[in-house]
Each structure stands twice: as structure tokens, then as C-alpha cells.
Amino acid sequence: MAAKQPKAGAGGGGLAYLPRVQHRIRFLPSERTIEVAPGTTLLDAAREAGLPVAQTCTGEGVCARCGMRILQGGEGLDAESPAETRAKARNRVDENLRLSCLILTDRDLTVTAPYW
Ligand code: FES
């Protein structure tokens, strides 16, 4: 018996059999884990997980309050931009933190924040 082949357009959409890409974001020390769509900011992921994030700007990398430490999965993330570096220096933020509002998820990550 031949294997059943998916039919194009089955289920009302032409992409019904493509795997749904989600990235797993794990927050420590709470151990909360959520899955988010690619391109979700770490800031939004944390909020979706019910975690508070300090913020006084509207998430454009100005206030530097939303810093998070990438514990796992950070290899290969886009390097910090000069604007992010300046915002952190201006606000005396630990250089090992990344501004979560500027990190677009494109992989699984484990992160923490100094105030969790
Ligand atoms: S929310 Fe202000 S820099 Fe990220």
C-alpha cells in the first residue's frame, strides 16, 4: 500500500502541511517557557510569559531598561548595533545584557533578567 500523500490545499489552505515554525523561549529562574513566532521580540515574549519587563520608552532601544541576559542560544544572534551600545552606555547598563525590545527571535533561547 502506497503512503498517503498530502493534497495541496487540503484543510482550506495551500500550506496546511508545512511545519509551523515556532521558537521556544525559556525564562530563568521562573522556568516559564513559551513558543513564539519568528520575529517576536524578546520583550513581547517575556510579557506573553507573564513576566514584568522594565521599560520607559516604547520599545525602540532608547531607555535601555529592558536588558536581558542571553544564557543559551545567543550564538549567531545579530551583533549589538552601535545604537544599542550607545543606549546601554548612556544608561549605565551591564554590557552583557541585550535590549530585549531589539532582539527578534529567530531561534530557541534561554534568557534571564537582573530583576526576575
Ligand atoms: S524598552 Fe526601552 S530600550 Fe527596550
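As the structure is a prediction and not an experimental result, all values here were calculated from the model.

1. Points about the pairing of strand β2 (residues 32-36)
Stage number 1. Two elements, strand β1 (residues 23-27) and β2, share five bridges in a ladder whose sense is antiparallel. Its bridge partner lying in β2, F27 is registered against R32.
Stage number 2. Hairpin remark: β1 followed by β2, antiparallel, with four residues in the connecting loop; positive phi at E31, about 65 degrees.

2. Considerations on the confidence of the model for the chain
Stage number 1. The predicted model of the chain has a mean per-residue pLDDT of 88, with 86% of residues at 70 or higher.
Stage number 2. Low pLDDT, under 50, characterises residues 1-12; the predicted model gives this stretch five contacts beyond four residues in sequence or across chains.

3. Topic: the sheet that holds strand β5 (residues 109-112)
Stage number 1. An order of β2-β1-β5-β3-β4 is seen for the five strands of this open sheet, with the pairing classed as mixed. Strands at the two margins of the open sheet, each flanked by one partner only, are β2 and β4 (98-99).
Stage number 2. In this structure, strand β3 (residues 67-72) lies alongside β4, joined through two bridges in antiparallel fashion. The residue of β4 that forms the bridge with M68 is R98.

4. Structural notes on unusual backbone geometry
With glycine set apart, most residues show a phi of negative sign, and most peptide bonds adopt trans.
Stage number 1. Here L28 and P29 are connected by a cis peptide whose omega angle stands at 5 degrees.
Stage number 2. Structurally, P29 can be placed in the loop between β1 and β2.
Stage number 3. With a phi angle near 65 degrees, E31 is a residue other than glycine that sits in the positive phi range.
Stage number 4. Positionally, E31 belongs in the loop between β1 and β2.
Stage number 5. A count of 7 C-beta atoms within 10 Å places E31 in the exposed class.
Stage number 6. Although it is not a glycine, R92 sits at a positive phi angle of roughly 55 degrees.
Stage number 7. Turning to its location among the elements, R92 is positioned in the loop between α2 (82-90) and β4.

5. Quick notes on the nonpolar core
Stage number 1. Core analysis: the biggest nonpolar cluster contains 16 residues, and I25, L42, A46, L99 and V111 have the highest contact counts within it.
Stage number 2. Among the elements of the structure, β1, α1 (42-48) and β5 are those that each provide at least two residues to this core.
Stage number 3. Examining the composition of this core, we find that three residues originate from one element, α1, more than from any other.

Calculation notes
- Numbers given for residues are sequential positions, taken from 1 along each chain in its written order.
- Per-residue local features of the predicted model are confined to residues with pLDDT of at least 70, and side-chain atom pairs are confined, for both listing and counting, to 80 or more; whole-chain, interface and lining totals are unaffected and use all residues.
- Any two strands with at least two DSSP-identified bridges between them are counted as paired.
- Numbering of helices and strands runs from the N terminus, with a helix taken as a DSSP run of H or I at least four residues long and a strand as a DSSP run of E at least two residues long.
- pLDDT expresses how confident the predictor is about each individual residue, on a scale running from 0 to 100.
- Residues are scored as being in contact if the C-beta atoms we place from backbone atoms lie within 7 Å.
- Counting other C-beta atoms within 10 Å of its own, a residue is labelled buried from 20 upward, exposed at 12 or fewer, and partly exposed in the gap between, with every C-beta atom placed from the backbone.
- Think of a nonpolar core as buried Ala, Val, Leu, Ile, Met, Phe, Trp, Tyr and Cys residues, each tied to the set through C-beta atoms within 7 Å.

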